[in-house]
Amino acid sequence: MAKHRVGIVGGDGIGPEVVAEGLKVVAAAGVDLETVDYDLGGARYLKDGTVLPDSVLEEWRGLEAIYLGAVGTPAVPPGVIERGLLLRMRFELDLYVNQRPFVAPDEGIDFVVIRENTEGTYAGEGGFLRKGTPHEIATQGSVNSRFGVERAIRYAFELAAARRNHLTLVHKTNVLTFSGDLWERAFDEVAAEHPSTGTAYNHVDAACIYFVESPQRYDVIVTDNLFGDILTDLGGAVSGGIGFASSANLNPARTGPSMFEPVHGSAPDIAGTGRANPTAAVLSAAMMLDFLGEAEAAARVHAACAAAANFSGTTSEIGDQIAAGV
Ligand code: IPM
Ligand code: MN
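All figures in this text were calculated on a predicted structure; none of them were measured in a lab. (Residues numbered from 1 in each chain as written. Chains lettered and ligands numbered in written order. Predicted model: local features only at pLDDT ≥ 70, side-chain atom pairs only at ≥ 80, totals over all residues. Heavy atoms only, no water.)

**A short note on the side chain of Glu 116**
And step 1. Relative to the elements of secondary structure, Glu 116 occurs in strand β5 (residues 109-116).
And step 2. This buried residue, Glu 116, is left without a salt bridge; Arg 151 holds the nearest opposite charge, at 5.0 Å.
And step 3. Only 2.8 Å separates the side chain of Glu 116 from the backbone nitrogen of Glu 119, close enough to count as a polar contact.
And step 4. Ignoring anything within four residues of it in the chain, the contact list for Glu 116 reads Tyr 96, Gly 148, Ala 152, Trp 183, Thr 223, Asp 224 and Asn 225. (Helix = DSSP H or I, 4+ residues; strand = E, 2+ residues; numbered from the N terminus. Buried < 20%, exposed > 50% of the residue type's maximum accessible area, 1.4 Å probe, protein only. Lys, Arg positive; Asp, Glu negative; His and termini not counted. Salt bridge = Lys/Arg side-chain N within 4 Å of Asp/Glu carboxyl O. Polar contact = N/O pair within 3.5 Å; in protein donor to acceptor, adjacent residues only side chain to side chain. Contact = heavy atoms within 4.5 Å.)

In structure tokens form, the structure reads like this:
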């Protein structure tokens, strides 16, 4: 098979450390990648003010995938890198599905969260009035287009049909009566096209209890951007820890690259100590291989990671142990 052209953004903190292990395991799986490195993130911003040049974005449009470690560093004010790099990437490349699987076989946990990835409170609608005065006002709206909501829901129904055929909508329709109503109507209409798929609805607060008490109930979940952000950290915490939580930011239409990254952040407190668990990044690389059509290699990486909960050692020693098992 031809080499896959993949952009690499190691980013900040433990990002480059875990990405190196992911690439090590991909090589061990026998997949040849043509990688292009991009020095982006908080450290780069502190060096020369660069966040994400338009020219880089244009280059990315010609790649098959982007593999990202983590971006963000405490020395940069909140939002600069998150909005300017990560969210801009998700929005401009139309990565409208954020797919986050959670698997803990010993506990019978095996579910996937489909997080809408381009809208909601993340869209950036809002602003200040009278900023800095005692009467200041801040608004932060939630943008929900019928188009954007429906395409995420359609993707989730198709994924459910390929799994255990059950889909749960998570929202807060009892309070968010505008956005929740739109989500519910879109969900019900698409559900009517999938009569064999079992469906459920959970309010997001109740879903938090179910995640902790009985996550085995879930197959596929679809939810909005912010609920999905919060729930997937919880999903990581209840299924072995955030060190095992992988994700794929997908452009299912394949009009450009998709992006693969662990759910965790840059963890500056442990950067450089060798204590970061690379498994989430390795599993994200496996999702990338799957998306690139390398299903067999992806399956071997997944299988090798199944034992990773028992591995110990430094970041690169755990990477070696996974690589030895592929
Ligand atoms: C995630 C992260 C990002 C998000 C941050 C870094 C902007 O928490 O991918 O879950 O909120 O989406
Ligand atoms: Mn998050």
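**Overview of the site of ligand 1**
And step 1. Near ligand 1 you find Glu 82, Leu 86, Arg 90, Arg 100, Arg 115, Tyr 122 and Asp 229, and these make up its full shell.
And step 2. In the complex, 76% of the free accessible area of ligand 1, which totals 320 Å², lies under the protein chains.
And step 3. The element best represented in the shell around ligand 1 is helix α4 (residues 80-92), accounting for 3 residues. (Near = heavy atom within 4 Å. Areas by Shrake-Rupley, 256 points an atom, 1.4 Å probe, with all protein chains shown as cover.)

**Remarks on the pairing of strand β12 (residues 258-262)**
And step 1. With respect to burial, β12 is a largely interior element, 5 of its 5 residues being buried.
And step 2. Burial along β12 is two-sided: the residues Ser 258, Phe 260 and Pro 262 and Met 259 and Glu 261 are all buried.
And step 3. Judged from the 3 bridges that link them, strand β3 (residues 65-70) and β12 form a sheet pairing that is parallel. Bridge pairing in β12 places Ile 66 opposite Met 259.
And step 4. Pairing of strand β11 (residues 246-250) with β12 involves 4 bridges; the strand directions are antiparallel. Along β12, the bridge assignment pairs Ser 246 with Pro 262. (Pairing = 2+ DSSP bridges.)

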